[in-house]
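Listed below are the residues making up each chain.
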Amino acid sequence: MKKDKENYYNKTKNMPPNDNIVKFLNLNIEPKIAIDIGCGAGRDTITLLKHKWEVLAIDTENTEGIIREQLSKEEQKRFAFQKSTFGAMNLPSSNLIVANYSLPFAKIDYWDLIWNKINNSLLSGGYFVGNFFGKKDSWTESKKDLIFLSESEVRNLFTNFEIIQFNEIEKDGETASREEKHWHIYDIIAKRNPSN
């Protein structure tokens, strides 16, 4: 693992879960099978495991050890890890897919394939919890290889879902590496329609 990525994972491994995960858990959904795409150091994965979910965590870097060292023996039994790029990842059937600060980093050429994998994995009545970068994000200038979507493009991804939460967030702040930036994010909790 490259030094800058190792530093990033070390800085983020003790961070609390993302707000949308906390809000999702407050819905009191029965814990079943979850997939955390782009899990990083495991902030959301660990929280779900502590709430009795079975979690398959996926990342392009091998962060399995970073996550496992933070789990009890019982939690480790419900944890699996897959090292994979977004395009090559294998998504089994699931009741919850989490994708926080990950999908915008996918290769644009694989976007349709990735979104189809997510749709095919998510069982009827399952939930998507994640976020997307908007067009007003300052990285649109410096990181042109990332995926930035308009509000309508994001909403179009969820035509077969009931949208439970849709928040547009614009704020100035820092990245985990202390870089100043303007964030533009669409934060979503959505439930797959039973008929689709």
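Please read these numbers as outputs of a predicted model, since none were measured by experiment.

## Description of the pattern of salt bridges
Within this structure, the stated rule accounts for 8 salt bridges. A salt bridge links Glu153 to Lys135, with the nearest nitrogen and oxygen atoms 3.9 Å apart. Of this pair, Glu153 sits in helix H8 (residues 151-157) while Lys135 sits in the loop between strand S5 (122-134) and helix H7 (139-142), and the two are 18 residues apart along the sequence. Between Glu151 and Arg155 there is a salt bridge, with the nearest N and O atoms lying 3.0 Å from each other. Placement of both Glu151 and Arg155 in helix H8 is noted, with a separation of 4 residues, approximately one turn of the helix. Residue Arg155 is classed as partly exposed on the basis of its relative accessible area, which comes to 35%. The structure contains a network of salt bridges with shared partners spanning Lys52, Glu74 and Arg78.

## Overview of the packing of aromatic side chains
This model, assessed by the stated rule, comprises 20 aromatic pairs. Within the aromatic cluster, the residues linked to one another by ring pairs are Tyr101, Phe105, Phe133, Trp139, Phe148 and Trp183. One residue, Lys181, lies across the ring of Trp139, its end atom 4.3 Å from the ring centre. One Lys or Arg, Lys181, reaches over the ring of Trp183 and ends 3.5 Å from the middle of that ring.

## Structural notes on the side chain of Asn119
Locating Asn119 in the fold gives a position in helix H6 (residues 111-121). Taking relative accessible area as the criterion, Asn119 reaches 18% and is therefore assigned buried.

## Describing unusual backbone geometry
The phi torsion at Asn28 lies on the positive side, around 60°, for a residue other than glycine. Mapped onto the elements, Asn28 comes out in the loop between helix H2 (19-25) and strand S1 (33-37).

## Description of the nonpolar core
Core analysis: the largest hydrophobic core is formed by 28 residues, its most contacted members being Ile37, Leu103, Trp115, Ile118, Phe128, Phe132 and Phe158. Those elements giving two or more residues to this core turn out to be S1, strand S2 (54-59), strand S4 (94-99), H6, S5, H8, strand S7 (161-174) and strand S8 (180-192). Residue contacts for Phe158: discarding those within four places in its chain leaves Trp115, Phe128, Phe132, Ile163, Ile188 and Ala190. The next biggest cluster of nonpolar side chains, apart from the first, holds 20 residues, and it includes Ile46, Trp53, Ala57 and Ile189.

## Structural notes on the side chain of Lys117
Structurally, Lys117 can be placed in helix H6. No salt bridge forms around the buried Lys117; measuring N to O, its nearest opposite-charge neighbour Asp112 is 13 Å away. Separated by 2.7 Å, the side chain of Lys117 and the backbone oxygen of Gly87 make a polar contact. For Lys117, the contacting residues outside a window of four places in its chain are Phe86, Gly87, Ala88, Met89 and Leu91.

## Notes on the environment of Gln76
Structurally, Gln76 can be placed in helix H5 (residues 73-77). Gln76 gets classed as partly exposed once you look at its relative accessible area, which sits at 28%. With 58 residues separating them in the primary sequence, Gln76 and Asn18 have C-alpha atoms 21 Å apart. Discounting chain neighbours no more than four positions away, the residues touching Gln76 are Arg68 and Leu71. Looking at Gln76, its side chain comes within polar contact range of the side chain of Arg68, at 3.3 Å.

## Regarding the environment of Thr63
The topology assignment puts Thr63 in the loop between S2 and helix H4 (64-68). For the pair Thr63 and Lys13, spaced 50 residues apart in sequence, the C-alpha to C-alpha distance is 9.9 Å.

Reading guide: rules and limits
- Residues numbered from 1 in each chain as written.
- Predicted model: local features only at pLDDT ≥ 70, side-chain atom pairs only at ≥ 80, totals over all residues.
- Heavy atoms only, no water.
- Salt bridge = Lys/Arg side-chain N within 4 Å of Asp/Glu carboxyl O.
- Helix = DSSP H or I, 4+ residues; strand = E, 2+ residues; numbered from the N terminus.
- Buried < 20%, exposed > 50% of the residue type's maximum accessible area, 1.4 Å probe, protein only.
- Phe/Tyr/Trp six-rings, centres within 6.5 Å; stacked < 30°, edge-to-face > 60°.
- Lys NZ or Arg CZ within 6 Å of the ring centre and 35° of its normal.
- Core = buried A, V, L, I, M, F, W, Y, C linked by side-chain atoms within 4.5 Å.
- Contact = heavy atoms within 4.5 Å.
- Lys, Arg positive; Asp, Glu negative; His and termini not counted.
- Polar contact = N/O pair within 3.5 Å; in protein donor to acceptor, adjacent residues only side chain to side chain.

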